[in-house]
Amino acid sequence: MAMSFRSLVEIAPDTEVRGFRIESRLGAGGYGTVYRARRGERLYALKFLRLREAGHWARREVDVLMRLGHRNLVRFEGCGYWPDESHEFFVVIMDYVHGQRLDEWAASHNPDARQVTLKLIEVARALGAAHQQGVVHRDMKEANILVRASDEEAVVVDFGVAGARDTLRATPGLLPPTTPPYRSPEAWHFFRHFQPGEVYQAGPADDLYALGVVLYWLLTNRLPFTEIPNEMVDEVLNRVPKPPHQINPRVPAALSAVCMKLLEKRPEDRYPDAAAVEAAGHALLATADADWSVPLCTPHATDNATTEWAGRPEEAREGLDAWLRQGHHDEEQPRRGAHPPLVPPRETPAPAVLESAPATPGRSPSVPESPSPVLLTEPAALVAALATPPPREASSPAAASRRLAPWLAVGVLLMVGLGAGVNYLALSARGTAYPAAATSAEPEPLSGSETLAMPLATGSPSGVKVAPPWQAPEGGAGEFFALAAAAPAAPPAARDNGEPSVKSPEKKRRAVRSLKNAVGTGALCMSAA
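Residues numbered from 1 in each chain as written. Predicted model: local features only at pLDDT ≥ 70, side-chain atom pairs only at ≥ 80, totals over all residues. Heavy atoms only, no water.

Enquirer: Honestly, the packing of helix 2 (residues 102-109) against helix 5 (residues 204-220) in this entry has me stumped. Any pointers?
Expert: Helix-helix packing is characterised by the crossing angle of the two axes and by the distance between the axes. Two elements in contact, helix 2 and helix 5, have axes whose closest approach is 11 Å; the angle formed by their N-to-C orientations is 15°. Judged by the angle between their axes, helix 2 and helix 5 are roughly parallel. Both helix 2 and helix 5 take part in a crossing whose hand is right-handed. Facing Leu102, Asp103 and Ala106 of helix 2, the residues of helix 5 in contact are Val214, Trp217 and Leu218. Residues that form the contact of helix 2 with helix 5 fall into these classes: 5 nonpolar, no polar and 1 charged. (Axes fitted to C-alpha atoms, helices over the stretch in contact; angles between N-to-C directions. Helix = DSSP H or I, 4+ residues; strand = E, 2+ residues; numbered from the N terminus. Parallel < 35°, antiparallel > 145°, perpendicular 65-115°, else oblique. Left-handed = near helix turned anticlockwise from the far one by under 90°. Contact = heavy atoms within 4.5 Å. Nonpolar A, V, L, I, M, F, W, Y, C, P; charged D, E, K, R; others polar.)

Enquirer: Which parts of the structure should I look at to understand the pairing of strand 2 (residues 20-28)?
Expert: Regular strands place side chains that alternate from one sheet face to the opposite one. Where strand 1 (residues 16-17) meets strand 2, 2 bridges bridge the pair, whose relative direction is antiparallel. By the bridge assignment for strand 2, Val17 is matched with Phe20. The antiparallel hairpin formed by strand 1 and strand 2 contains 2 residues in its connecting segment, where Arg18 sits at a positive phi of about 50°. Direction of pairing for strand 2 relative to strand 3 (residues 33-39): antiparallel, over a ladder of 6 bridges. (Pairing = 2+ DSSP bridges.)

Enquirer: How should the environment of Leu296 be read in this particular structure?
Expert: Mapped onto the secondary structure, Leu296 falls in the loop between helix 9 (274-286) and strand 12 (298-299). Measuring from C-alpha to C-alpha, the distance between Leu296 and Val251 comes to 6.6 Å, with 45 residues separating the pair along the chain. The contacts of Leu296, once residues within four sequence positions are left out, are Asn110, Pro111, Asp112, Ala113, Val116, Leu218, Leu219, Asn248, Arg250, Val251 and Gln333.

Enquirer: Is there a simple way to explain the pairing of strand 4 (residues 42-50) in this structure?
Expert: As paired strands, strand 3 and strand 4 are joined by 7 bridges and run antiparallel to one another. Within strand 4, the position partnered with Tyr35 by the bridge is Leu46. If you look at the hairpin formed by strand 3 and strand 4, you'll find 2 residues sitting between the two strands, and Gly40 has a positive phi there, around 70°. As paired elements, strand 4 and strand 6 (residues 89-95) share 7 bridges and run antiparallel to each other. When the bridges of strand 6 are listed, Arg50 appears paired with Phe89.

Enquirer: I'm lost on the sheet that holds strand 10 (residues 154-156) in this one. Help?
Expert: With antiparallel pairing, 3 strands are arranged side by side in an open sheet as 7-9-10. Of all the strands in the sheet, the pair left with one neighbour each is strand 7 (99-101) and strand 10. Geometrically, the sheet is characterised by an average inter-axis angle of 30° between neighbouring strands, direction not taken into account. As defined by bridge partners, strand 7 adjoins strand 9 (residues 145-148) across 3 bridges and the pair is classed as antiparallel. Among the inter-strand pairings, Gln100 is bridged to a residue of strand 9, identified as Val147. Against the sheet, helix 2 touches strand 7 and strand 9, its axis set at about 100° to strand 7. Against the sheet, helix 3 (residues 113-132) makes contact with strand 9 and strand 10, and its axis sits at roughly 30° relative to strand 10, the strand it touches most.

Enquirer: Sorry if this is basic, but what is going on with the sheet that holds strand 6 here?
Expert: Within a beta sheet, neighbouring strands are joined by backbone hydrogen bonds and run either parallel or antiparallel to one another. Across the sheet, which stays open at both edges, the 6 strands sit in the order 1-2-3-4-6-5 with antiparallel pairing between neighbours. Of all the strands in the sheet, just strand 1 and strand 5 (76-82) have a single pairing partner and so form its edges. Packing against the sheet, helix 1 (residues 51-65) makes contact with strand 4, strand 5 and strand 6, and its axis sits at approximately 135° to strand 4.

Pasting the structure below:
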């Protein structure tokens, strides 16, 4: 049931309220906030309701609680106004039930079928006592059932939205307030087909249907229908849920049948009253065998906890609980119990079908060996090997040097390839493979091809900048090939003026061919690198 912001009552610990000392807040509902308080050696539960907003609910709840008196129902102790000067709040004083909520108890105890049946009997007994007094709880769910620590018995609490005979109607809407997944099919049918002026009156059959939802959750750790509003109403009205023993094989078929009878679509097809449910529970225990003492759910452990929320700890707990309750994985055994810490998924071990080659004899164990070749004996092994990511190397200076070494080798090979291509270009243009040995002390004059080869390595003495081999030339491809086709023999004056001359077409063709060979050689070297 939704809680409005103004219904939350904040009271500091150690505040004195009509002789009771506030200790801590226990919870909040749609119309009030409950605190644990102490008077002397005894504990109480004090419910605060703002008189201006929920005064009619306060009087109605007191009227209902005064009719009840049963060990499986919360006990009423008194009421009053607080503070004395303003009467801002109406305070309902109840006995404090020391124990756990039913959902918390199930999560921590992981009960077996016998224990769940006992809780079914105790809640049915409580509802039967309330129904005999004309009181309908109207908000049956796990959070409103406490398991008392002293005797492990179930106690039904929170009659804040309960209905009773001869009480004033306080519900403004068509349906009484409740938690939607626990609302009966007849209530949803009325909501879809009501006539003007009609108001739904909840009865004992509504409480029994909600008890069936609670039992379904205890047996399977999930609700029978989705919690998406529109889809939920359609499923409640038109779909029969999968029986609990089909979802959880540990559920006895007889106990599953009792649950499904409580969830029948028509009220007349359910048990006639809570006393019949209690009798059915006793009959189940009379025929129970050893299988009824096996925990219903698989305990949570590090080897079976879902890793869907690994890496998102702020969402892990809430997301995992919702995943279990909504039942997205019907094929899996329900789990229950304390959740282990969620950790990233463990690395997948090497498949057993992979056979490693024997280690190299004489190798020092301190030196890491290179990965050994594996023999894939089955197709499944090949799939596993391809799906398994390679191990990541630890970050260290040595590891960084090993990662950098291949790139340094590539750079060296590129430079060697470039130099070889340039040298091949120069020698081809001269028509010799290697320069002849000098026969005199007088140096030979440089030819035009040697002059053109120099700018590629040291820059052009005539001021023409040639782009490096990995960049496009500034003058475009046409200008680059025009420079490469220059004649080798030219007077010094012509070279100084930047106007080389071409002696013959044959040398021009030879220069072009040399350039092509140089480019091909450089490309081959780069590919090899």
